Amino acid sequence: VRALVELGTNPILSIHDHGAGGHMNCLTELIEPLGGRIDVDALPVGDPTLSLREILSNESQERMGLVVPKDAVELVRAIAKREQAPCYVVGE
């Protein structure tokens, strides 16, 4: 996040921590009020036995959700790779 902010032209339009509410809390607040599409199959899952409800509501400390323009996605991925930070595109 710091590397993106320090670019001079910050591509982050909105940011939200996942925290105790997990994906459900973070992603729904990020797309409010305009709406969006979340690809549940693109969400990272460490345990394949989790139900959809468990995946959406699991506590996800240390994760941040970002909204960036489509033309900034590859830049964000490149910086995440450089910083060895996991990065997933899960919707639009």
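All chains use their own residue numbering, which begins from 1 and follows the written sequence. With the structure being a predicted model, the display of local features is reserved for residues of pLDDT at least 70 and the display and counting of side-chain atom pairs for 80 or more, all residues being used for whole-chain, interface and lining totals. For the side-chain quantities, the full set of heavy atoms in the structure was used; hydrogens and water were omitted.

## What about the nonpolar core?
Here is step 1 of the chain: In this structure, Cys26, Leu27, Leu30, Leu43, Ile55, Leu56 and Val90 together form the largest nonpolar core, which totals seven residues.
Here is step 2 of the chain: Helix and strand definitions follow DSSP, with helices as H or I runs of at least four residues and strands as E runs of at least two, each counted in order from the N terminus. Of all the secondary structure elements, the ones that give two or more residues to this core are α2 (22–31) and α3 (52–57).
Here is step 3 of the chain: For this core, the leading source of residues is α2, giving three residues.
Here is step 4 of the chain: Between two residues, a contact is recorded if the distance between any of their heavy atoms is within 4.5 Å. Apart from residues lying up to four places away in sequence, Leu27 is in contact with Ile38, Leu43 and Val90. Nonpolar cores are built from buried Ala, Val, Leu, Ile, Met, Phe, Trp, Tyr and Cys residues. Side-chain atoms within 4.5 Å join them into one set. Each residue's exposure class comes from its accessible area (1.4 Å probe, protein chains only) as a fraction of the maximum for that residue type: buried when under 20%, exposed when over 50%, partly exposed otherwise.

## Points about unusual backbone geometry
Here is step 1 of the chain: Pro33 follows Glu32 through a cis peptide bond whose omega is 0°.
Here is step 2 of the chain: You can see Pro33 is positioned in the loop between α2 and α3.

## Remarks on the environment of Gln61
Here is step 1 of the chain: One can find Gln61 in strand β2 (residues 60–67).
Here is step 2 of the chain: Separated by 32 residues in the primary sequence, Gln61 and Glu29 have C-alpha atoms spaced 16 Å apart.
Here is step 3 of the chain: If we skip the residues at most four places from it in the chain, Gln61 touches Gly19 and Ala20.

## What to know about helix α4 (residues 73–82)
Here is step 1 of the chain: Listing the buried residues of α4 in full gives Val76, Ile79 and Ala80. What you see down the axis of α4 is that its buried residues fit within an arc of 100°, all on one side. For α4, exposure combined with an orientation more than 90 degrees from the buried face picks out Glu74, Lys81 and Arg82.
Here is step 2 of the chain: In this structure, the buried residues of α4 make contact with α1 (2–5).
Here is step 3 of the chain: Trailing α4 by a residue or two, Gln84 shows a phi angle of about 55°, which is positive. Note: the arc covers the axis-to-C-beta directions of the helix.

## Focus on the side chain of His23
Here is step 1 of the chain: Within the fold, His23 resides in helix α2.
Here is step 2 of the chain: By the criterion applied in these results, polar contacts are pairs of N or O atoms within 3.5 Å in which, for protein atoms, one can donate a hydrogen and the other can accept it, and in which residues neighboring in sequence qualify only through two side-chain atoms. Polar side-chain contacts of His23 include one of 3.4 Å to the side chain of Arg63.
Here is step 3 of the chain: Apart from the residues lying within four places of it in its own chain, the contact partners of His23 are His18, Thr28, Leu43, Pro44, Ile55, Leu56, Asn58, Ser60 and Arg63.

## Observations concerning the side chain of His16
Here is step 1 of the chain: By the element assignment, His16 lies in strand β1 (residues 14–19).
Here is step 2 of the chain: Assessed through its relative accessible area of 17%, His16 is described here as buried.
Here is step 3 of the chain: Those residues in contact with His16, other than ones at most four positions away along the chain, are Asn25, Cys26, Glu29, Leu30, Arg63, Met64 and Gly65.

## Side note on the confidence of the model for the protein chain
Here is step 1 of the chain: A residue's pLDDT is the confidence the predictor assigns to it, expressed on a 0 to 100 scale. Scored by pLDDT, the protein chain comes out at a mean of 90, with 100% of its residues at no less than 70.
Here is step 2 of the chain: The spread of mean pLDDT over the elements of the protein chain runs between β2, the lowest at 85, and α4, the highest at 96.

## Notes on the state of the cysteines
Here is step 1 of the chain: Cysteine sulfur atoms that pair up within 2.5 Å are treated as a disulfide. This model, assessed by the stated rule, comprises zero disulfides.
Here is step 2 of the chain: Note on Cys26: no disulfide assigned, nearest cysteine sulfur contributed by Cys87 at a separation of 13 Å.
Here is step 3 of the chain: Assessed through its relative accessible area of 34%, Cys87 is described here as partly exposed.

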